[in-house]
2 protein chains.
Amino acid sequence: MEKKNPDLCKVDNTLHILIGKWKPLIIMHLMFGGTKRFSDLQRALTGITTKTLTTQLRELEEQEIILRVVYPVVPPRVEYSITEYGMTLQPVLHLMHEWGNAHLERQLNKDQSTFNNNQ
Amino acid sequence: MEKKNPDLCKVDNTLHILIGKWKPLIIMHLMFGGTKRFSDLQRALTGITTKTLTTQLRELEEQEIILRVVYPVVPPRVEYSITEYGMTLQPVLHLMHEWGNAHLERQLNKDQSTFNNNQ
DNA sequence: CCTATAAGTATCTTTTAAGATACTTTATAT
DNA sequence: ATATAAAGTATCTTAAAAGATACTTATAGG
């Protein structure tokens, strides 16, 4: 780890891509579910507003994690897909998923033992 | 990936621990630099306020990522260290560091070629 | 001519994180 | 008696992210 310049904590570069209430979910959907239309995503992400979905998609597009393709028809048809570059996040997300899962179980166990101790 | 219940995106569990402007840095410092006092950390994290440092440390402590030990002396002495559990984040942070580094270089190359194209 | 449709915009409000600044505590050394 | 030190609290302000709600656009189909 760089001791001299702590700004060189590159973890933040990755976090920057992933931070956003719905971004991991969006990425996972496109990564494992393939190309999706705007309305498909909105249906999949229960509770998201159109404004928020638009923002998150545009940011991911700007980072070249996803691709946005507009078909010039009426009513509009817009398709989102993961890019090749976006796919490079897969091992990272996988490990985060694993750790997050273990973390969740750990917390459930903790609650469990608290519960037992209170008996 | 769970298709039925998208709330089961466990990546968010990991993100939840890591989100916080200074948290990755704090974790890295304790993980690789060993036990540190409050003032050591404040010196290391240039620009952080006491209030923010306190908040971030307390949150990490609550998640059992770090340990806070108070020595009952005056003036106070408080030491922070990474827990064994906190150490389990190391592979995750390592991968995020790697990806983030590659991402940074990619962006630098992009800027470079934009620069060249404008000649 | 009216309506429905998909993918958004435009505003406004709420929530949360972080920063700025001043204050507190208490045994010890002067 | 007073000043000092370390590790904080207490308030207030600012900024950024997300939510609620209403509106827009352009054409094909009835």
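Residues numbered from 1 in each chain as written. Chains lettered and ligands numbered in written order. Predicted model: local features only at pLDDT ≥ 70, side-chain atom pairs only at ≥ 80, totals over all residues. Heavy atoms only, no water.

### Section: the UniProt feature "domain: HTH hxlR-type" (unreviewed entry) in chain A
Feature annotation in UniProt assigns "domain: HTH hxlR-type" (unreviewed entry) to the following positions: residues 9-108 of chain A. Strand forms 14% of residues 9-108 of chain A and helix 62%; the C-alpha atoms that close the span are 31 Å apart. (UniProt positions renumbered as here; feature names shortened; annotations may be inferred. Helix = DSSP H or I, 4+ residues; strand = E, 2+ residues; numbered from the N terminus.)

### A short note on the sheet that holds strand β3 (residues 77-82) of chain A
The strands that make up a sheet are held in pairs by hydrogen bonds between backbone atoms, and each pair lies either parallel or antiparallel. Residue and element names in this part refer to chain A. As summarised here, the arrangement of the three strands in space is β1-β3-β2, forming an open sheet in which the pairing is antiparallel. Each of the sheet's edge strands pairs with one partner strand only, and the pair in question is β1 (36-37) and β2 (66-71). Relative to β3, β2 runs antiparallel, the two sharing six bridges. Within the sheet, the bridge partner assigned to V70 lies in β3 and is V78. Strands β1, β2 and β3 of the sheet are contacted by helix α2 (residues 23-33), whose axis makes an angle of about 85° with β3. (Pairing = 2+ DSSP bridges. Contact = heavy atoms within 4.5 Å. Axes fitted to C-alpha atoms, helices over the stretch in contact; angles between N-to-C directions.)

### Regarding the protein's contact with DNA strand D
In the vicinity of DNA strand D, 21 residues are found, and the nearest of them are A:K21, A:K51, B:S39, B:R68 and B:Y80. For DNA strand D, the backbone portion of the atoms within 4 Å of the protein, that is sugar and phosphate, comes to 65%. Within the side chain of B:R58, one N or O atom sits 2.7 Å away from a phosphate oxygen of DNA strand D. Elements represented by at least two residues in the surface near DNA strand D include exactly α4 (50-62) of chain A together with α3 (38-44), α4 (50-62) and β3 (77-82) of chain B. Considering every element that reaches the surface near DNA strand D, the biggest residue donor is α4(B), with four residues. Classifying every residue of the surface near DNA strand D by side-chain character gives seven nonpolar, seven polar and seven charged. (Near = heavy atom within 4 Å. Polar contact = N/O pair within 3.5 Å; in protein donor to acceptor, adjacent residues only side chain to side chain. Nonpolar A, V, L, I, M, F, W, Y, C, P; charged D, E, K, R; others polar.)

### Looking at the protein's contact with DNA strand C
Taken together, 21 residues sit near DNA strand C, with A:S39, A:R68, A:Y80, B:K21 and B:K51 positioned nearest. Each atom of DNA strand C within 4 Å of the protein was classed as base or backbone; sugar and phosphate made up 63%. For DNA strand C, a phosphate oxygen lies 3.2 Å from a polar atom in the backbone of A:V78. In the environment of DNA strand C, a phosphate oxygen lies 2.8 Å from a nitrogen or oxygen atom belonging to the side chain of B:Q56. Taken together, the elements giving at least two residues each to the surface near DNA strand C come down to α3 (38-44), α4 and β3 of chain A together with α4 of chain B. If one sorts the elements of the surface near DNA strand C by residue count, α4(A) sits on top with four residues. Tallied by class, residues from the surface near DNA strand C come to seven nonpolar, seven polar and seven charged.

### Here's the deal with the relation of the copies chain B and chain A
Copies of the same chain, two in number, are related to each other by a rotation about an axis and a translation along it. Superposing chain B onto chain A takes a rotation of 180° combined with a translation of 0.0 Å along the rotation axis, leaving an RMSD of 0.0 Å. Such a combination of rotation and displacement between the chain copies is what one expects of a two-fold axis. Same-surface contact between copies: 100% of interface residues of chain B are shared with the interface of chain A. (Least-squares fit on C-alpha atoms with pLDDT ≥ 70 in both.)

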